[in-house]
6 protein chains.
Amino acid sequence: MTHIVVMNCNTSESMTAEIGRYARTCARPGTVVDAWQPRWGPDSAEGYYDSFITAAAVLDRLHELPSSVDAVVMAGFGEHGREGARELLSIPVVDITEAAAQFAMLLAPHYGVVTTLGRACAQIHDSLTTAGLISRCAAIEAAELGVLDLETDPEAAVDAMHSAGRRAIDAGAEALVLGCAGMAGMSDRLSAKLGVPVVDGVAAAVSIAESLVALSLTTSKIRTYAAPLPKRRSGWPISKESGDTDV
Amino acid sequence: MTHIVVMNCNTSESMTAEIGRYARTCARPGTVVDAWQPRWGPDSAEGYYDSFITAAAVLDRLHELPSSVDAVVMAGFGEHGREGARELLSIPVVDITEAAAQFAMLLAPHYGVVTTLGRACAQIHDSLTTAGLISRCAAIEAAELGVLDLETDPEAAVDAMHSAGRRAIDAGAEALVLGCAGMAGMSDRLSAKLGVPVVDGVAAAVSIAESLVALSLTTSKIRTYAAPLPKRRSGWPISKESGDTDV
Amino acid sequence: MTHIVVMNCNTSESMTAEIGRYARTCARPGTVVDAWQPRWGPDSAEGYYDSFITAAAVLDRLHELPSSVDAVVMAGFGEHGREGARELLSIPVVDITEAAAQFAMLLAPHYGVVTTLGRACAQIHDSLTTAGLISRCAAIEAAELGVLDLETDPEAAVDAMHSAGRRAIDAGAEALVLGCAGMAGMSDRLSAKLGVPVVDGVAAAVSIAESLVALSLTTSKIRTYAAPLPKRRSGWPISKESGDTDV
Amino acid sequence: MTHIVVMNCNTSESMTAEIGRYARTCARPGTVVDAWQPRWGPDSAEGYYDSFITAAAVLDRLHELPSSVDAVVMAGFGEHGREGARELLSIPVVDITEAAAQFAMLLAPHYGVVTTLGRACAQIHDSLTTAGLISRCAAIEAAELGVLDLETDPEAAVDAMHSAGRRAIDAGAEALVLGCAGMAGMSDRLSAKLGVPVVDGVAAAVSIAESLVALSLTTSKIRTYAAPLPKRRSGWPISKESGDTDV
Amino acid sequence: MTHIVVMNCNTSESMTAEIGRYARTCARPGTVVDAWQPRWGPDSAEGYYDSFITAAAVLDRLHELPSSVDAVVMAGFGEHGREGARELLSIPVVDITEAAAQFAMLLAPHYGVVTTLGRACAQIHDSLTTAGLISRCAAIEAAELGVLDLETDPEAAVDAMHSAGRRAIDAGAEALVLGCAGMAGMSDRLSAKLGVPVVDGVAAAVSIAESLVALSLTTSKIRTYAAPLPKRRSGWPISKESGDTDV
Amino acid sequence: MTHIVVMNCNTSESMTAEIGRYARTCARPGTVVDAWQPRWGPDSAEGYYDSFITAAAVLDRLHELPSSVDAVVMAGFGEHGREGARELLSIPVVDITEAAAQFAMLLAPHYGVVTTLGRACAQIHDSLTTAGLISRCAAIEAAELGVLDLETDPEAAVDAMHSAGRRAIDAGAEALVLGCAGMAGMSDRLSAKLGVPVVDGVAAAVSIAESLVALSLTTSKIRTYAAPLPKRRSGWPISKESGDTDV
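Rules used throughout
Residues numbered from 1 in each chain as written. Chains lettered and ligands numbered in written order. Predicted model: local features only at pLDDT ≥ 70, side-chain atom pairs only at ≥ 80, totals over all residues. Heavy atoms only, no water. Least-squares fit on C-alpha atoms with pLDDT ≥ 70 in both. Contact = heavy atoms within 4.5 Å. Buried area = accessible area lost by both parts, 1.4 Å probe. Salt bridge = Lys/Arg side-chain N within 4 Å of Asp/Glu carboxyl O. Helix = DSSP H or I, 4+ residues; strand = E, 2+ residues; numbered from the N terminus. Nonpolar A, V, L, I, M, F, W, Y, C, P; charged D, E, K, R; others polar. Buried < 20%, exposed > 50% of the residue type's maximum accessible area, 1.4 Å probe, protein only. Axes fitted to C-alpha atoms, helices over the stretch in contact; angles between N-to-C directions. Parallel < 35°, antiparallel > 145°, perpendicular 65-115°, else oblique. Expected span 1.5 Å × (residues − 1). Polar contact = N/O pair within 3.5 Å; in protein donor to acceptor, adjacent residues only side chain to side chain. Pairing = 2+ DSSP bridges. Right-handed = clockwise from strand over helix to strand, strands pointing away.

Peer 1: Please clarify how the relation of the copies chain D and chain B should be interpreted in this entry.
Peer 2: Between the two copies of the chain lies a rotation about an axis combined with a shift along it. Mapping chain D onto chain B calls for a screw motion: a turn of 180° about the axis and a shift of 0.0 Å along it, with 0.0 Å RMSD after fitting. Both copies are brought into coincidence by an operation consistent with a two-fold rotation axis. Relative to the rotation axis, the closest C-alpha in chain D is found at Ala56(D), a distance of 3.1 Å. With an isologous cut-off of 70% or more, the 100% of interface residues of chain D that recur at the interface of chain B puts this contact in the isologous class.

Peer 1: Any chance you could explain the interface of chain D and chain B here in plain terms?
Peer 2: One frequent convention defines the size of an interface as the accessible area lost when the parts assemble. Between chain D and chain B, the residue contacts involve 47 residues of the former and 47 residues of the latter. Buried area between chain D and chain B, summed over both chains or domains, comes out near 3,800 Å², and the portion from carbon and sulfur atoms is 59%. Interface area lost by chain D to chain B is led by Tyr49(D), Phe52(D) and Arg119(D), which between them contribute 22%. Viewed at the interface, chain B and chain D are joined by 10 salt bridges. Between Asp43(B) and Arg232(D) there is a salt bridge, with the nearest N and O atoms lying 2.5 Å from each other. Among the secondary structure elements, those contributing two or more residues to the side of chain D that touches chain B are β3 (41-42), α2 (48-62), α3 (82-88), α5 (121-130) and β10 (233-234) of chain D. A per-element tally of the side of chain D that touches chain B places α2(D) first, with eight residues. Across the side of chain D that touches chain B, the residue classes break down as 21 nonpolar, 14 polar and 12 charged.

Peer 1: Would you mind going over unusual backbone geometry with me for this structure?
Peer 2: Only a minority of non-glycine residues have a phi that is not negative, and only a minority of peptide bonds are not trans. Residues Trp236(A) and Pro237(A) are joined by a peptide bond in cis, for which omega reads 0°. Relative to the elements of secondary structure, Pro237(A) occurs in the segment after β10 (233-234). If you check the backbone angles, Glu144(F) has positive phi at about 55° while not being a glycine. For Glu144(F), the position within the fold is in the loop between β7 (137-142) and α6 (149-152). Although it is not a glycine, Ser216(F) sits at a positive phi angle of roughly 55°.

Peer 1: Could you clarify how one ought to interpret the pattern of salt bridges in this entry?
Peer 2: The tally for this structure, following the rule as stated, stands at 96 salt bridges over all chains. One salt bridge in this structure joins Arg28(A) and Glu210(A), with 3.8 Å as the shortest N-O distance. Of this pair, Arg28(A) sits in the loop between α1 (13-26) and β2 (31-36) while Glu210(A) sits in helix α9 (residues 201-214); the two residues are 182 residues apart in sequence, bridging distant segments of the chain. On the basis of relative accessible area, Arg28(A) is assigned to the buried category, the value being 15%. The salt bridge partner of Lys193(F) is Asp159(F), with a shortest N-O separation of 3.3 Å.

Peer 1: Looking at this model, I keep getting lost on the packing of helix α4 (residues 96-107) of chain C against helix α9 (residues 201-214) of chain C. Mind explaining?
Peer 2: Two packed helices can be described by the angle between their axes and the distance between those axes. All names here are of chain C. In the contact formed by α4 and α9, the axes pass within 8 Å of each other and the chain directions differ by 90°. Classified by the interaxial angle, the pair formed by α4 and α9 is roughly perpendicular. From α4, Ile 96, Ala 99, Ala 100, Gln 102 and Phe 103 reach across to α9, where they touch Gly 201, Val 202, Ala 204, Ala 205 and Ile 208.

Peer 1: Honestly, helix α9 (residues 201-214) of chain D in this entry has me stumped. Any pointers?
Peer 2: Each turn of an α-helix holds 3.6 residues, which means side chains three or four residues apart point in the same direction. Residues and elements named next belong to chain D. Between its first and last C-alpha, α9 extends 20 Å over 14 residues, near the 20 Å set by a 1.5 Å rise per residue. Among the 14 residues of α9, 12 are classified as buried, and the element is accordingly described as predominantly covered. Of the positions making up α9, those classed as buried are Gly 201, Val 202, Ala 203, Ala 204, Ala 205, Val 206, Ser 207, Ile 208, Ala 209, Glu 210, Ser 211 and Leu 212. At the N-terminal boundary of α9, the capping side chain belongs to Asp 200, with an oxygen 3.0 Å from the backbone nitrogen of Val 202. In the segment just after α9, Ser 216 is the residue with positive phi, at about 55°.

Peer 1: Would you mind showing me how to read the environment of Thr97(C) here?
Peer 2: Residue and element names in this part refer to chain C. With respect to the secondary-structure elements, Thr 97 resides in helix α4. Separated by 83 residues in the primary sequence, Thr 97 and Cys 180 place their C-alpha atoms 8.8 Å from one another. For Thr 97, the contacting residues outside a window of four places in its chain are Gly 76, Phe 77, Gly 78, Arg 82, Ser 127 and Leu 128.

Peer 1: What is the right way to look at the pairing of strand β7 (residues 137-142) of chain D in this model?
Peer 2: Each regular strand shows side chains that alternate between the opposite faces of the sheet. Residues and elements named next belong to chain D. Of all the six residues making up β7, five are buried; the element is thus mostly covered by neighbouring parts of the structure. Relative to β7, strand β6 (residues 111-115) runs parallel, the two sharing five bridges. In the sheet register, Val 114 faces β7, and the bridge partner there is Glu 141. Crossover connection from β6 via α5 to parallel β7: handedness right-handed.

The following block contains the structure:
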């Protein structure tokens, strides 16, 4: 049995639940998926400010990870924190940003990202750049939807994502990546409309996490991702409560 | 059931058998792995000349692929041909070069490649560059072993690979990739010796192929990888015989 | 009068005091410098994990910024958070990483960074990359000192930094950058020993902050750095107390 | 006397003849040009699949090269195989892709490529990237003509190429490169229409081949392009017949 | 007291005077600014040819620099010569191209350049590339104004610059840089019209020069910018006259 | 008959004569080569300062070019000025830096440059970068010889160049480029010693110039390299004398 925690970066319970439900539909038989969210922080992450808050909130929450967990999926597209989690943990950490881009690169010479708000495009560009995956990204296009609009009006969301996807294709993309964990489950409809493969990062990351666990591959600890040095960290971690933290 | 063909690029039957055996140990329950090899071409591919021969020989062989196959793994590290296979086929094609580098990039900020001969380093560099995966590659180091030496003297092979791996680590790599399909199965020993994760491309590619099939993701056909145009191709495919082609 | 807050990213009071003292020696007449530190978080930031904690702790603290402040200096070399502060605030935000690299690039064709621990090199590389300042960086070399060792044994620190600086010069650097806010004040000695200009990021950033204020230049708010969207951010900010927060 | 073989990559006899005729008009007095084509393979190469077939077919044919030949021109724009030929042969090998881009870069700060089908653009991008010549390429634009349409309706071909050339100029190109060996001879008309220099790769490559021969410069054999290792290559070369193979 | 020479690269006395006047409004109290121009050369620099003439003319004029000068500002946007001045002098040399881009990069994730003539765009691209500052430049847009038109019809100039600025913003810029020393003083109007920060290079460079002087930072002399070797330079410097050379 | 002027950038008459003599040995029958030098400027160019002087001196001298000249070779390795000459003239201008790198890139996957002084390496890097030819340059190594030492002690020069060449090969170069016009004629000896092709820029550039003339290819005049605008250029050109200027 493989035990994966999918870590939503925001505190929207409905989105966490939805991500969990979707992740379970993608997982192999024998994989148990728990969807977690931070104990504090923004309802949705839309920009650098929120992203740095959620990065800390996610790391804070990861202190509660039971030893039975085999891998963590970081379910915030373009969000900060993945490298910190790789230091903190000794199990594999898979970011949906990386996972989605990697799969897309196997399916097409260039891919595009369809995300929510234009204000997040530079941050996604940063995330793909530091991940070493930017050179085959043709475009990052925003549907100009708030993260939470995805739930409230899914039809309008798909229409706006369709337009953004079309712009990415016109810019050279031949496959698309869903640039928001909250878009989980919309890939089929978008793919059918646009005629290109559409990769959902949650699905990709869960699958890669299963692979890494199966192959006994885990984070290198020789230098950059070595365990954090023991030291005084005043007031940290912030959430000390334990208990059942799954959604 | 998922049916994967692992396509060795050379005509060494023992290597094809070994790759198949190793791939099967990595595959999930319910996955059937067939190991194929071209009907003609070099015993081993060590450089551009051999690689261009094997690319055509592999494409030639892929004409015989039964419709029951769900995905193809291209099991030649740094070898040519993957984009041609993506045109020819409508199922996912996963190159071990890409798969290995992708997994390594999830485990460390920079990775290194340990390959056989120095003459192949430029070609591997090309392959990672066009795959968009070069920017986090710290070094490509050769053990100066022939591909077939891997079978004849495995102890010496591991020693030479250990030295090459050490050089890659000194150059900044924190994870390693085995740069030859024939190294399949040596990753554990090398990882134990060097203290870093060592990714075998065959294992990584089989696992990713399983994932793509499970997620119903396949190659984009809108432009670059559209099916080859119908036209006269004199004397092609070269191998017309059918029959049981598995090793 | 120009009022600048220099924001140490860690909670070491002696380091905050030292940074403030040094910043004041660099500031022009008529500039008031306050040195702040977060209300929580690690004593020193040495790697991604600490850095993501300090980014949030710094943003948390910046909520207390009085309206009289004209600019903020982010005094953590290679640390996260600068883009979040640019969203949160409407005054200029100058990161010592950027400031130091910019000045060094005016003094030499290539510069090197001398930092504390090797585990931070990849993070500094990320920070310079996303800042668009990496292409003329010849090397990032670690003295293998803990941040707090800088205070406890300054002689040994200078020796170790000298060796690291020499390696950077051998790799092509013709000017050096001090890769840690806690190295403030060591630039003169290192420069005298090595014969190259050595830029301290705190000094550079305070000076650039003064310039931006004098020229009435401030952060672009049209897209990426627009003010954070109003939304529920549960439990945030973490520190609600007000009062005199200067060190 | 300099003896050059211009190697068309496809099996279209009329195109081979046309390339030969054009190459002879470009050659210096005293240069003998033979136009060759593979013994097997596609009538035209339009995409990766065809290109990998032609690469092997070209290498196969090059085994018949008489020792009197001084240089080989690879006359397939963006096609694979050049590095393999450099291994196989000890005389200079000049790819029209490289030759055309090099000349264009001497005439303008940025150049554009006008090619036949959009499906080949990614492949041309790969070829210029691995050749180290992409950074000053402003655009690769397709006329959406099949290779063989160039012969059947030259007027329509020039019109479509004119439009594609105009798009490349709008994207920043100040000189153009003809992205297909079959366009040989169209450069003057396109140049007159668009007011920019238009470089034909066959002409450029023949001229560079003459230069390399005159200067006694030939391929480096110390590592990457060393002669192929002796080994068993089953069923290879495919074409064993000898005789007069010129068109 | 800090003594700065702002070196206009052309011989337009009115422009030199205007640059000087503007620079003085930007300088701190206690800074003395002299505006100089070459003794020979073009009235305006618009392209490589003029730029190479002005580079030599500027270096020629710098031989007359009195020892009381603390820093030199090179006031030609995208013009050649800065590295030569760094060899010749032992005081800091700040190019307005570098200064403007550096400040813009602190204010926005991507910046754009608004310059005079399209013919200068490639040269500005070169200058930012060799300065290591190109990666966050979203666009270089020309207003298609001659340098001297800026003086004769300032209203039309601002309109044309507004259009060019809008194009740069549409291409991803979130801050702008004035790409001509003769645009000094237009930044406020352009910023008000477009809603983004607009950086004038003269202002930025004077301010940075003050900072470098205050921090006792000067050019590295260990290798690339070491003083020119003593040797015969026939007929050089061209202008031997001394006297009061300030405008 | 093709008439080429080879423009030495410095005022050393013996070097100009030697360059001319060597260029003539490389030229085809029917090509007339004149070797020119500026009327003023340094005896040798070793660094940015000299290079900017020689750029203007070369442009100054080019005003005297008779209309019978078909092409100009810029014979200063890594020196400035080529783009200015492309504006000024309507005939092809070939820089030996570009020519040498282009030929080397046809002979090996990576090339190295062997130059005179270390202080010039950054400038050569700039020149290859703006020429778009840097990505396959493995190393730029200095023999630490003055330009004029090449004439006074050719044996010591070859020894020092041999060591520098060896370092470049160790860094990955498989072909070398002579990084100084004054090294003309040393390529054979260096090639024999090191076992790799060694490209002399003067030979390469003369040959390419002949090719461009033969193919009626000349500089694009649509934008960047359009003729200089008519305007007042005070005191320019500096040398007005005419007469026989060949050496």
